[in-house]
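Chain residues, written in single-letter form:
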Protein chains: 2
Amino acid sequence: MKGEAMLQLDNQLCFPLYAASRMVTKLYQPLLEKLGITYPQYLILLVLWENDELSVNEIGKKLMLETNTLTPLLKRMEVKGIVKRTRSKSDERRVIVKLADKGGALKQSALCIPLELLEGMTNQFPLERVGRLRDDLNALLKALSQ
Amino acid sequence: MKGEAMLQLDNQLCFPLYAASRMVTKLYQPLLEKLGITYPQYLILLVLWENDELSVNEIGKKLMLETNTLTPLLKRMEVKGIVKRTRSKSDERRVIVKLADKGGALKQSALCIPLELLEGMTNQFPLERVGRLRDDLNALLKALSQ
DNA sequence: CACGATTAAATCGTGTACGATGTATTGTAC
DNA sequence: GTACAATACATCGTACACGATTTAATCGTG
């Protein structure tokens, strides 16, 4: 492929990745709106539902986000009563994030979300392709993070 | 898969999509920094290099972005001397975006970017998988936009 | 031709992202 | 133990994204 052709939007990986990410986020939105949370806030809940308590850094590693993104995000979630933030006694630098009552309760309402989303997607896009896409993306992530 | 398991980060499509998109954007950054542009600005240049002049709306359709994102973005690019914005004579509602001198010149410097990026990527991630990923993402985009 | 509906941008407010920098705490080497 | 590096967050500034609303121009129908 010539350099010229490679600059075409269709031939690049970057654009479909960027557009698909935003588009899928929008798919989640009506479902998350019912829970009163945003998409990044949902991601934080996903990792907190799997782990009782995590430091800001540990959340950051799982979601590949820096503290400059997480700190204000977590503060907004604390104001909403979704998470609690406390300094670690053993290491005063660390801030421990736990689910607050509301955050734990949201899990029940969220259980249906992945399936609902898949259903909305597989109307036009076959399920096995979703699986392949996920695996390829995870492989890409792994490859790029070294 | 149980609802519980579907809430795991690894099993969802949304997270790898979100993380991979941000990670690939970061791959572009050192290359784009040399040109003095950001990643969304690069996308706008890609479509303007393919089309001499486009209205804000037409750019928006190609990149799936709204005017509330594009207007300030294009204004920043205008300040830098990369694009020109003029009201259409035939329809005063439309704003026509064209390349300014600097924007045209950037194309030469950008020709190497797609290849450089591919090379950085295919060290760990095979080329045919990049192609499959791109095709799957484009198919997903098409499926979701109807 | 008039006038309500539609369209194209722009504006506003909120919420991410993230590079760069600051600050407090802990680890470590001498 | 003390100074210095490393670590964990927080803060600041800039640039997207995008829902909601506004403004101005054009279209369509009677």
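Note: the structure precedes this text.
What counts, and where the lines are drawn
- Residues numbered from 1 in each chain as written.
- Chains lettered and ligands numbered in written order.
- Predicted model: local features only at pLDDT ≥ 70, side-chain atom pairs only at ≥ 80, totals over all residues.
- Heavy atoms only, no water.
- Helix = DSSP H or I, 4+ residues; strand = E, 2+ residues; numbered from the N terminus.
- Expected span 1.5 Å × (residues − 1).
- Bend = angle between axes of the 7 residues up to and from the residue.
- Buried < 20%, exposed > 50% of the residue type's maximum accessible area, 1.4 Å probe, protein only.
- Least-squares fit on C-alpha atoms with pLDDT ≥ 70 in both.
- Contact = heavy atoms within 4.5 Å.
- Buried area = accessible area lost by both parts, 1.4 Å probe.
- Salt bridge = Lys/Arg side-chain N within 4 Å of Asp/Glu carboxyl O.
- Polar contact = N/O pair within 3.5 Å; in protein donor to acceptor, adjacent residues only side chain to side chain.
- Nonpolar A, V, L, I, M, F, W, Y, C, P; charged D, E, K, R; others polar.
- Pairing = 2+ DSSP bridges.
- Phe/Tyr/Trp six-rings, centres within 6.5 Å; stacked < 30°, edge-to-face > 60°.
- Lys NZ or Arg CZ within 6 Å of the ring centre and 35° of its normal.
- Axes fitted to C-alpha atoms, helices over the stretch in contact; angles between N-to-C directions.

### Describing helix α2 (residues 14-35) of chain B
Residue and element names in this part refer to chain B.
Move 1: In a regular helix each residue adds 1.5 Å, so 22 residues correspond to 32 Å; α2 covers 31 Å between its end C-alpha atoms and thus fits that length.
Move 2: The principal kink in α2, of about 40°, is found at glutamine 29, preceding the proline proline 30 by one to four residues.
Move 3: The positive-phi residue at the C-terminal boundary of α2 is glycine 36, with phi of around 75°.

### Topic: unusual backbone geometry
Move 1: A positive phi angle, close to 55°, is found at A:Met64, a residue other than glycine.
Move 2: Judged by its relative accessible area of 26%, A:Met64 falls in the partly exposed class.

### Concerning the relation of the copies chain B and chain A
Move 1: Superposing chain B onto chain A takes a rotation of 180° combined with a translation of 0.0 Å along the rotation axis, leaving an RMSD of 0.0 Å. Viewed as a symmetry operation, the transformation between the two copies matches a two-fold axis.

### Some points on the interface of chain B and chain A
Move 1: With 59 residues of chain B at the contact, the number on the chain A side is 59 residues.
Move 2: The contact between chain B and chain A buries some 6000 Å² in all, and 72% of this surface belongs to carbon and sulfur atoms.
Move 3: On the chain B side of the interface with chain A, the three residues burying the most area are B:Leu7, B:Leu13 and B:Tyr18, jointly 11% of the side's total.
Move 4: Counting the contacts that link chain B with chain A gives four salt bridges.
Move 5: Run the count over chain B and chain A and you get 14 residue pairs in polar contact (both at pLDDT 80 or more).
Move 6: Top contributing element to the side of chain B that touches chain A by residue count: helix α8 (residues 127-144) of chain B, with 14 residues.
Move 7: Its residues placed into classes, the side of chain B that touches chain A shows 39 nonpolar, nine polar and 11 charged.

### With respect to the pairing of strand β3 (residues 95-99) of chain B
Move 1: Bridge analysis of strand β1 (residues 53-55) of chain B against β3(B) gives three bridges, and the strand direction is antiparallel. Its bridge partner being in β3(B), B:Glu53 is matched across the sheet by B:Lys98.

### Some words on the packing of aromatic side chains
The description of an aromatic ring pair uses the distance of the two centres, along with the angle that the planes make with each other.
Move 1: The tally for this structure, following the rule as stated, stands at eight aromatic pairs over all chains.
Move 2: Where A:Tyr18 meets B:Tyr39, the ring centres are 5.7 Å apart and the plane angle is 75°; that geometry is what we call edge-to-face. With A:Tyr18 in helix α2 (residues 14-35) and B:Tyr39 in helix α3 (residues 39-50), this pair bridges two chains.
Move 3: A relative accessible area of 13% places A:Tyr18 in the buried class.
Move 4: Through a chain of ring-to-ring contacts, the aromatic side chains of A:Phe15, A:Tyr18, B:Tyr28, B:Tyr39 and B:Tyr42 assemble into a single cluster.
Move 5: Over the face of the ring belonging to A:Tyr18 we find A:Arg22, whose NZ or CZ atom lies 4.3 Å from the ring centre.

### Re the sheet that holds β3(B)
Residue and element names in this part refer to chain B.
Move 1: Spatial ordering of the open sheet is given by β1-β3-β2, a layout of three strands whose pairing is antiparallel. The open sheet is flanked by β1 and β2 (83-87), the only strands paired with a single partner. Taking the axes of each pair of neighbouring strands and ignoring which way they run, one obtains an average angle of 30° across the sheet.
Move 2: Here five bridges tie β2 to β3, and the two strands are oriented antiparallel to one another. Bridge assignment links threonine 86 to a residue of β3, and that residue is isoleucine 96.
Move 3: Sheet contacts for helix α5 (residues 67-79): β2 and β3; angle to β2, the most-contacted strand, approximately 120°.

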